[in-house]
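# Structural overview
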Amino acid sequence: QVPPASQGRASESLVHVTDLFATIAELFGVQSEAEDSQSLLPYLANPATPSARSVLYTERFLPNGGPPDPERHFRAARDARYKLLVLPDQREFYDLETDPHERHDLIAEGTAPAAALARLERAVVTRGGTFDQGTGEAKERATPSAITR
């Protein structure tokens, strides 16, 4: 049974669309074995529940249904404050606390906090393959996965 929602409240936890799998499984009384899916029910019951993840990772391969094209492989990692985008020809880094609309790329401006950038770069490497620090280019094709814990 779905817990009563806390109307008018939002959760600050890092969640992903893949979490719907574990959520639906739990609603049907089935334990999910998916490593990249966590039930959303605790957040529905109490939006103040701390995030089970410190970093969220996602990627998109194009074209759908065919072999991935390295020129159209997009990756992103984010934590509670920062977001790193790894595009085929560049990297972008945003401070979501001060720039929620992602208009000021801190890499382009030369103001990216080194520790935060390195943490999210490690998340991309861990889940998405090797990473060239200078170009942001993946050196090997990643396998699809959704989340870094």
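Before reading on, note that the structure itself is shown above.
All figures in this text were calculated on a predicted structure; none of them were measured in a lab.

Each helix and strand in the protein chain was counted, giving four helices and four strands. N-terminal to C-terminal, the α/β element order of the protein chain is α-α-β-β-β-β-α-α. Here the protein chain holds 149 residues, and 39% of them are scored as buried. Look at the contacts in the protein chain between residues 6 or more apart in sequence, and 47% of them connect residues 24 or more apart. For the protein chain, the computed accessible surface area is about 9,000 Å², with 54% contributed by carbon and sulfur atoms.

To continue, consider the nonpolar core. Of all hydrophobic cores here, the largest spans 13 residues; its most connected members are Val 55, Ala 77, Tyr 82, Leu 84, Phe 93, Leu 120 and Val 124. Of all the secondary-structure elements, those providing two or more residues to this core are β3 (82–87) and α4 (114–128). With five residues, α4 is the largest single contributor of residues to this core. When residues no more than four places from it in sequence are discounted, the contact partners of Leu 120 are Val 55, Ala 77, Arg 78, Asp 79, Tyr 82, Lys 83, Leu 84 and Phe 93.

A few words on the pairing of strand β4 (residues 90–95). Along a regular strand, successive side chains alternate from one face of the sheet to the other. In terms of burial, β4 is largely enclosed, as five of its six residues are buried. Where β3 lies against β4, six bridges are found, and the strand directions are antiparallel. For Lys 83, the partnering residue across the bridge sits in β4 and is Tyr 94. The antiparallel hairpin formed by β3 and β4 contains two residues in its connecting segment.

Phi is positive for Glu 102, which is not a glycine, with a value near 55°. With respect to the helices and strands, Glu 102 occurs in the loop between β4 and α3 (106–109).

Centre-to-centre distance and the angle between the planes together describe a pair of aromatic rings. Scanning the entire structure with this criterion turns up one aromatic pair. On the basis of an interplanar angle of 10° and a centroid distance of 5.2 Å, the ring pair of Tyr 82 and Phe 93 is categorised as stacked. On the criterion of sequence distance, the pair formed by Tyr 82 in strand β3 and Phe 93 in strand β4 is long-range, its members being eleven residues apart. We classify Tyr 82 as buried; its relative accessible area is 10%. For Phe 93, a relative accessible area of 0% corresponds to the buried category.

Thresholds applied
Residues numbered from 1 in each chain as written. Predicted model: local features only at pLDDT ≥ 70, side-chain atom pairs only at ≥ 80, totals over all residues. Heavy atoms only, no water. Helix = DSSP H or I, 4+ residues; strand = E, 2+ residues; numbered from the N terminus. Buried < 20%, exposed > 50% of the residue type's maximum accessible area, 1.4 Å probe, protein only. Contact = heavy atoms within 4.5 Å. Areas by Shrake-Rupley, 256 points an atom, 1.4 Å probe, with all protein chains shown as cover. Core = buried A, V, L, I, M, F, W, Y, C linked by side-chain atoms within 4.5 Å. Pairing = 2+ DSSP bridges. Phe/Tyr/Trp six-rings, centres within 6.5 Å; stacked < 30°, edge-to-face > 60°.

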